[in-house]
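# Examination of the molecular architecture
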Amino acid sequence: LSNISLTDVIYKFVIVNVAVLGCGKTTTSIILSKLLPKCGHVQSDNITKPVKDKLTRMALETLKDHDMVIIDRGNHLLRERKQIFDEFEDLYHEYLPINTKFKFVCLNYVSNKHSPELWNLTRNRIIKRGDNHQTIKAETQGIKFAESIMKGFINRFQPVDVDHEPDSKFNVIIDLDVHSNESSKSNAVKVLNALFEYYPEVVSPVSDEKVEQAFQEALDHKPELTIKVGKAKAKKIKPVYIGIRLGDKDKARVMDEIEQLLARCAAKNNHPVDMSTWVTLKQLGRIPMNLHVTLAHIASTRDKKLGKIWNRYINEYFSKFIQELNKKLPDELNGSVQTLPNTKAHIRLKSLCISEKLACVEVEIVAIINESQSITVESTNAYPHITMGTVDQTIPAVESNLLLQELIRHCGSSEIAEAPDGPAKNQISADEENFNRKYLYKFPPDILFEDLN
Ligand code: DGI
């Protein structure tokens with residue numbers, strides 16, 4: 001290394017796009033690679049999986065006989081930009097002389113990701129492009145599908161931030177516009193002018209005719225590689241849980257029943273009634289907006305026996321409904337609660353269980369009624385329940401199971417708790433240390449909630 005003087009340094013130029021779909025990255029990249037004789041173009045869309053560091057390796061390979069390379073990928077995330085810098089540093093010596101240095105040029109396509117103009121222009125382009133793309137087939141997969149992919153990119157987009165790494169590592173940032181119908185041509189011209197200004201030794205001026213010709217040729221471009229996709233093959237929805245939902249009125253009624261139960265027990269005055277958790281939950285607004293009884297949770301598929309219960313709900317009872325859901329867009333369904341048609345459930349309140357951490361109501365699922373099939377009541381939870389809330393967000397609702405297990409096992413069975421409407425005697429006996437802050441109060445036997453979704 002010591003033999004290499006500064007004048008021996010070889011500079012290579014790496015042009016990095018930062019954009020969302022339809023900005024004209026590929027079109028602009030093609031124009032530039034046509035007009036800059038020593039400029040190569042590598043495209044992430046042409047890489048089949050696994051991707052790993054292939055794009056950087058292709059760029060480095062290209063730089064063996066080019067001065068410049070355009071990395072044609074969206075790079076809409078800081079992580080992707082950082083990856084480029086890191087990989088160049090780690091890998092370049094496998095391809096290029098050790099005295100190579102890089103000038104990183106950023107083509108910044110997006111100044112405001114919320115701009116309606118940007119959305120309209122890019123959306124129209126992607127629709128018009130139809131299936132003429134390696135992976136996004138707007139025609140076969142449908143406009144909605146293409147839109148959902150585009151929105152995903154826009155939502156995740158992290159703007160160029162010159163003051164912080166990784167973007168502070170760019171040597172030059174060229175701000176581009178996606179406003180006009182000929183944006184790719186005007187953007188290519190902007191890039192050529194900026195490169196000429198910064199690096200006149202490597203870039204020469206280009207005539208308008210040549211730009212126009214390259215633009216027209218770029219618009220005619222058809223991708224070489226095409227990855228076959230089925231119609232909206234994409235993602236399938238994955239239910240997270242199946243449960244019985246309590247509506248707003250049912251929620252108010254459960255809360256009222258709890259208040260009454262606690263008041264009755266307090267009035268008896270022969271057992272301690274600890275209101276603190278219940279009061280805390282109410283004061284801190286920790287009672288979930290929507291209450292439910294979980295019938296089956298996907299986490300239970302880890303267990304062979306419980307997994308069978310999950311499978312019966314998903315693949316047997318409700319499989320048709322889930323198939324119907326799969327016809328909708330995955331993004332629309334993400335995080336949503338869907339109501340099964342023609343299906344109602346009846347439940348009965350059994351006991352209120354309270355610890356310092358949470359409150360839950362143990363329930364009996366009396367029946368699940370479906371118009372066209374009989375459904376066996378079963379739950380992946382040993383003790384079906386409604387979690388009424390945990391005192392802080394670090395305590396997951398799933399802890400209800402532990403409390404119920406502990407309390408009910410301690411009593412032997414929830415059915416034989418001592419006081420029918422008072423706290424189970426066992427909870428305040430032997431194991432005082434552990435149990436004096438955990439209570440089980442039995443509801444009267446006739447509190448039914450019918451026709452729940
Ligand atoms: O997803 P990108 O690589 O960012 O976008 P692209 O270059 O593939 O462009 C998307 C579509 O829009 C493609 O069919 C070409 C077309 N297009 C790109 N730039 C322009 C353009 N069409 C017109 N009329 N004018 C442009 O400047």
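Further up the page is the structure itself.
Residues numbered from 1 in each chain as written. Predicted model: local features only at pLDDT ≥ 70, side-chain atom pairs only at ≥ 80, totals over all residues. Heavy atoms only, no water.

### Topic: the overall build of the protein
Under the convention used in this document: Per the convention used, a helix needs a DSSP run of H or I reaching at least four residues, while a strand needs a run of E reaching at least two, with both numbered from the N terminus. Buried residues are those whose accessible area, probed at 1.4 Å on protein chains only, stays under 20% of the maximum for their type, while exposed residues exceed 50% and partly exposed ones sit between those limits. Contacts were defined at the residue level, with two residues in contact if any of their heavy atoms lie within 4.5 Å. In this description, accessible areas are obtained by the Shrake-Rupley approach with a 1.4 Å probe, and a residue is regarded as covered only by the protein chains that are shown.
A tally of regular secondary structure across the protein gives 15 helices and 12 strands. Counting over 453 residues, the protein shows a buried share of 46%. Counted over contacts in the protein with a minimum sequence separation of 6, partners at least 24 positions apart contribute 74%. Taken as a whole, the protein presents about 24,100 Å² of accessible surface, with 50% of it coming from carbon and sulfur.

### A few points about unusual backbone geometry
The linkage connecting E165 with the following residue, P166, adopts the cis geometry, with an omega of 0 degrees. For P166, the position within the fold is in the loop between helix 6 (143-156) and strand 5 (172-175). The backbone phi angle of N75 is positive, close to 45 degrees, even though this residue is not glycine. Counting through the fold element by element, N75 comes out in the loop between strand 3 (68-72) and helix 3 (78-91). If you check the backbone angles, D451 has positive phi at about 55 degrees while not being a glycine.

### Some thoughts on helix 2 (residues 54-63)
Condition: Here the arc refers to the set of directions running from the helix axis out to each C-beta atom.
Among the residues of helix 2, L55, T56, A59, L60, T62 and L63 are the ones counted as buried. Each buried residue of helix 2 lies within a common arc of 160 degrees when the element is viewed along its axis, so the set occupies one face. Where helix 2 is buried, its residues touch strand 1 (10-18), strand 2 (39-43), strand 3, helix 3 and strand 4 (100-108).

### Structural notes on the site of the ligand
Spelled out, the test is: Neighbouring residues are identified by heavy atoms, a residue being near a molecule or strand if any of them is within 4 Å of it. Within 3.5 Å is the distance limit for a polar contact, defined as a pair of N or O atoms, with the added protein rule that one can donate a hydrogen and the other accept it, and that residues adjacent in sequence qualify only through two side-chain atoms. Residues are grouped as follows: Ala, Val, Leu, Ile, Met, Phe, Trp, Tyr, Cys and Pro are nonpolar; Asp, Glu, Lys and Arg are charged; every other residue, Gly included, is polar.
Residues in contact with the ligand amount to 16 residues; listed here are only the nearest, K25, T27, R129, N181 and S184. Within the contact set of the ligand, an oxygen atom lies 2.9 Å away from a backbone nitrogen or oxygen of G22. Within the side chain of S184, a nitrogen or oxygen atom sits 2.6 Å from a nitrogen atom of the ligand. Protein contacts shield 85% of the accessible area of the ligand, which totals 560 Å² for the unbound molecule. Among the elements that take part in the shell around the ligand, helix 1 (residues 25-35) stands out by supplying three residues, more than any other. Here the residues of the shell around the ligand are counted per class, giving five nonpolar, seven polar and four charged.

### Brief notes about empty space enclosed by the protein
Vacant regions in the atomic arrangement are exposed by a probe of water-molecule size rolled over the atoms. Put simply, the rule is: Lining residues are those with an atom within 4 Å of a point, where the points come from a 1 Å grid over the protein atoms alone and group into cavities, where a 1.4 Å probe fits but cannot get out, or pockets, open sets with protein on both sides within 12 Å along at least five of seven lines. Grid points are joined across faces, edges and corners, and a volume is the space filled by probe spheres set on the points.
Summed over all chains, the structure comprises one cavity of 30 Å³ or more. Reported here for the largest cavity is a volume of approximately 40 Å³. Around the largest cavity sit K52, D53, L55, T56, R73, Q83, I84 and E87, which together line it. Per-element tally for the lining of the largest cavity: the top contributor is helix 3, with three residues. Its residues assigned to classes, the lining of the largest cavity comprises two nonpolar, two polar and four charged.

### Observations regarding the packing of helix 1 against helix 8 (residues 208-219)
Two quantities define a packed helix pair, namely the angle between the axes and the distance from one axis to the other. Threshold: For helices, the fitted axis covers only the stretch in contact; all axes are lines through C-alpha atoms, and the angles between them, taken along N-to-C directions, range from 0 to 180 degrees. An angle counts as roughly parallel when it lies under 35 degrees, as roughly antiparallel when it exceeds 145, as roughly perpendicular when it falls between 65 and 115, and as oblique in every other case. Left-handed describes a crossing in which the near helix is turned anticlockwise from the far one by less than a right angle; the clockwise case is right-handed.
With their axes 9 Å apart at the nearest point, helix 1 and helix 8 run at an angle of 135 degrees to one another. The angle between the axes of helix 1 and helix 8 places the two elements in the oblique class. Handedness of the crossing formed by helix 1 with helix 8: right-handed. Facing helix 1, whose interface residues are T27, I30, I31, K34 and L35, helix 8 presents K210, V211, A214, F215, E217, A218 and L219. Broken down by class, the residue content of the contact of helix 1 with helix 8 amounts to eight nonpolar, one polar and three charged.

### A closer look at the layout of surface pockets
Roughly 850 Å³ of internal volume is contained in the second largest pocket. Together, 35 residues line the second largest pocket, and P239, Y241, S336, V337 and Q338 are the ones closest to its centre. Secondary-structure elements contributing two or more residues to the lining of the second largest pocket are strand 6 (241-246), strand 7 (291-297), helix 12 (319-325), helix 13 (330-333) and strand 8 (343-354). Broken down by element, the lining of the second largest pocket gets its largest block of residues, five residues, from strand 6. For the lining of the second largest pocket, the class distribution of residues is 19 nonpolar, 10 polar and six charged.

### Focus: the pattern of salt bridges
What counts, and what does not: For this document, the term salt bridge refers to a Lys or Arg side-chain nitrogen within 4 Å of an Asp or Glu carboxyl oxygen.
Under the criterion given, the structure shown has 17 salt bridges. In this structure, a network of salt bridges that share partners links the residues D53, R57 and E94.

### Points about the environment of V172
Mapped onto the elements, V172 comes out in strand 5. Since its relative accessible area comes to 5%, V172 is described here as buried. Sequence separation between V172 and Y198 is 26 residues; the distance between their C-alpha atoms is 8.3 Å. For V172, the residues in contact, after removing those within four places along its chain, are F104, V105, C106, Y198 and Y199.

### A closer look at the nonpolar core
Note the threshold: Nonpolar cores are built from buried Ala, Val, Leu, Ile, Met, Phe, Trp, Tyr and Cys residues. Side-chain atoms within 4.5 Å join them into one set.
Of all hydrophobic cores here, the largest spans 63 residues; its most connected members are V14, F88, F102, F104, L107 and L195. If you look at the next biggest cluster of nonpolar residues, it comprises 56 residues, including I258, C353, I368 and I386.

### Focus on the packing of aromatic side chains
Where we set the bar: Stacked, edge-to-face and tilted labels apply to pairs of Phe, Tyr and Trp rings (six-membered ring for Trp) whose centres lie within 6.5 Å, assigned for plane angles under 30 degrees, over 60, and everything in between, in that order. The criterion is that NZ of a Lys, or CZ of an Arg, lies within 6 Å of the ring centre and within 35 degrees of the ring normal, and then a charge sits over that ring.
Going through the model one piece at a time under the given rule, you end up with 12 aromatic pairs. Taken together, a centroid distance of 6.0 Å and an interplanar angle of 40 degrees make the contact between F102 and F104 tilted. Across the pair, exposure class does not vary: F102 and F104 are buried alike. Of note, R156 hangs over the ring of F153, and the distance from its end group to the ring centre comes to 5.1 Å. In this structure, R253 is placed above the aromatic ring of F449, and the distance from its NZ or CZ to the ring centre is 4.0 Å.

### Topic: the side chain of T380
Along the chain, the position of T380 falls in the loop between strand 9 (358-370) and strand 10 (385-390). Side-chain polar atoms of T380 contact the backbone nitrogen of H297, separated by 3.3 Å. Every residue in contact with T380, bar those within four places of it in the chain, is listed here: L295, A296, H297, S300, L306, I309 and W310.

All we've got here are geometric facts, nothing functional implied.
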